[in-house]
Amino acid sequence: MTLATVPRYKPDRISEFGDHAVVIGGSVAGLLAARVLTDGFERVTIIERDPLPEDPTARRGVPQGRHVHVLETAGRQTFEDLFPGYGEELLSAGGLIIDLMSDFYHYERGDFLANGEKRLTMYNATRPLIEHLLRQRVMTIDGLELRAKTQFVDYLTDESEIGIAGVTVRDGGGETDISAELVVDASGRTSTTPSWLDDHGFTAPEVEEVEIDVAYSTAMIERPPEDRRTFFVPHEPGRTRGVGMFPIEDGRWQATLFGVHGDHPPTERNAFIEFAESLPIAEIGQLLRTQPWVSEEISHYPFPTNQRLRYEHLSRFPDDFVVLGDALCSFNPIYGQGMSVAALESLQLHHTLAHGGREDIGIRFFENVTDIVDSPWSIAVGGDFKFSETTGPKPRGTDFINWYLGQLIRTAHSDGALREALVRVFMLEQPPESLFRPGVMWQVFKPT
């Protein structure tokens, strides 16, 4: 499922489901889930272990936050549905709108993709700013409490021991039990839910891992205010290196170099620039050499594996309990899908509550959300399997799809309509199957 196939958010479809819900994790997935839950619960509490900054700065619990992030169409529109006016607030805070068909320079398979006739927009900003504005909006909601510097310790069970009845947390005052009618685990890849299930008589979900061994290094440089050029060069067979360089707030470019299968970018300035100059386009290296640097700091982040926990395969799961966000599935960040997938998952949480309340909510949610995760999972791991070194379960048809996408991308070097079709898929607006419609396939293979 993508934005085209998931029904939009409708708050009046939700009734009262309980007094209190708890969300573990105050990152984007947790904030969005908490916003949805405020429609059906008198009180919602977010448990976040990090101290939360008062301004848009990166925090320790989101190490990937210092690198390029993308708010895809699916994420942007869902943010707007849940928080009307969010886009205007992001722009007022310094975010930018770019045209994906003219400002976005996408180089792949030997050339840049053609410009398109239609305007397709995307918001550009740093992850800390995107999250900061979400957090500010969430904290204005009556009945919602965000408890920072609070560590999740354990789940509480009900008398039958088959349902979750709250959580135990630890803060400066010691350990506290917090009761709740619904608990959402949005704690990310460090989630302890699988081991908890195994320890308490449930079956832990099977874990699919696709190893790509990617790492990122990111620097900030100054940008002329009128220059909105955005560069993206993905890794591809024969080249393990790539870059995403995006205009962001405060007159800066955020340049994230990446490399897969051990070809990791450095964190020393001269070596960083040399890595950029090894890429097949000259603009990145030139800008890094000629534009003033915001600071000498180069952030680094390793990401060894795509990871998907198959909760939807479980036939038994604790009552009043849901897992979402990176605790459910985390993708190679190169493709920029994480925040938008979290938005669609929160939307599906809304629909799951609307269509059955709390009864068997975990099992029903996992079934409903599977199609949402399938599309970005196929994009991420499919792209990673372009390399023979990639290991893990390969989705059926991956080799053929990669071959076909290679043909489509080469044709899109001179065909803006094909580029538009590709962009709508990568922005999670349309499903991958849309690229196999007869009209698109004719454009790819028609005689020249």
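Residues numbered from 1 in each chain as written. Predicted model: local features only at pLDDT ≥ 70, side-chain atom pairs only at ≥ 80, totals over all residues. Heavy atoms only, no water.

Student: For this particular structure, what's the right way to read the packing of aromatic side chains?
Tutor: Two aromatic rings are characterised by how far apart their centres lie and by the angle between their planes. Under the defined criterion, the tally for this structure stands at 25 aromatic pairs. Centre to centre, the rings of tyrosine 107 and phenylalanine 112 are 5.3 Å apart; their planes meet at 80°, and the pair counts as edge-to-face. When its relative accessible area of 13% is taken as the criterion, tyrosine 107 is described as buried. Residue phenylalanine 112 is classed as partly exposed on the basis of its relative accessible area, which comes to 23%. (Phe/Tyr/Trp six-rings, centres within 6.5 Å; stacked < 30°, edge-to-face > 60°. Buried < 20%, exposed > 50% of the residue type's maximum accessible area, 1.4 Å probe, protein only.)

Student: In this structure, what is going on with the nonpolar core? I would like to understand it.
Tutor: It is characteristic of soluble globular proteins that their nonpolar side chains tend to be buried jointly. By size, the foremost hydrophobic cluster in this structure holds 119 residues, and its most contacted members are Leu37 and Leu349. A total of 10 residues in this core trace back to one element, the largest contributor, which is helix α9 (residues 361–384). Dropping the residues within four chain positions of it, leucine 37 is found in contact with Ala21, Val23, Val44, Leu182, Val184, Leu349 and Leu353. Core analysis: the second largest hydrophobic core is formed by 21 residues, Tyr107, Ile221, Met245 and Ile284 among them. (Core = buried A, V, L, I, M, F, W, Y, C linked by side-chain atoms within 4.5 Å. Helix = DSSP H or I, 4+ residues; strand = E, 2+ residues; numbered from the N terminus. Contact = heavy atoms within 4.5 Å.)

Student: How should the sheet that holds strand β13 (residues 230–233) be read in this particular structure?
Tutor: The strands that make up a sheet pair up through hydrogen bonds in the backbone, lying either parallel or antiparallel. Reading across from one edge, β5-β4-β13-β14-β15-β12-β16-β18 is the order of the 8 strands in this open sheet, with mixed pairing throughout. A single partner strand is all that each edge strand has here, and the edge strands are β5 (111–112) and β18 (329–330). Pairing between strand β4 (residues 104–108) and β5: 2 bridges, direction antiparallel. Its bridge partner lying in β5, tyrosine 107 is registered against phenylalanine 112. Lying on the sheet, helix α6 (residues 269–277) is in contact with β12 (207–222), β14 (241–248) and β15 (252–259); it crosses β15 at an angle near 75°. (Pairing = 2+ DSSP bridges. Axes fitted to C-alpha atoms, helices over the stretch in contact; angles between N-to-C directions.)

Student: What's the story with a nonpolar patch on the surface in this structure? I'm lost.
Tutor: A grouping of Phe400, Ile401, Trp403 and Phe445 is seen on the molecular surface, where their side chains present a nonpolar patch of about 400 Å² in accessible area. When residues of the nonpolar patch are assigned to their parent elements, the largest contribution, 3 residues, is made by helix α10 (residues 398–412). Judged by its relative accessible area of 46%, phenylalanine 400 falls in the partly exposed class. (Patch = residues over 30% accessible without salt bridge, like charges linked within 9 Å, V, L, I, M, F, W, Y side chains within 5 Å. Areas by Shrake-Rupley, 256 points an atom, 1.4 Å probe, with all protein chains shown as cover. Salt bridge = Lys/Arg side-chain N within 4 Å of Asp/Glu carboxyl O.)

Student: When you look at the side chain of histidine 20 in this model, what are you seeing that I'm missing?
Tutor: Mapped onto the elements of the fold, histidine 20 is located in strand β1 (residues 18–24). At 2.7 Å, the side chain of histidine 20 forms a polar contact with the side chain of threonine 45. (Polar contact = N/O pair within 3.5 Å; in protein donor to acceptor, adjacent residues only side chain to side chain.)

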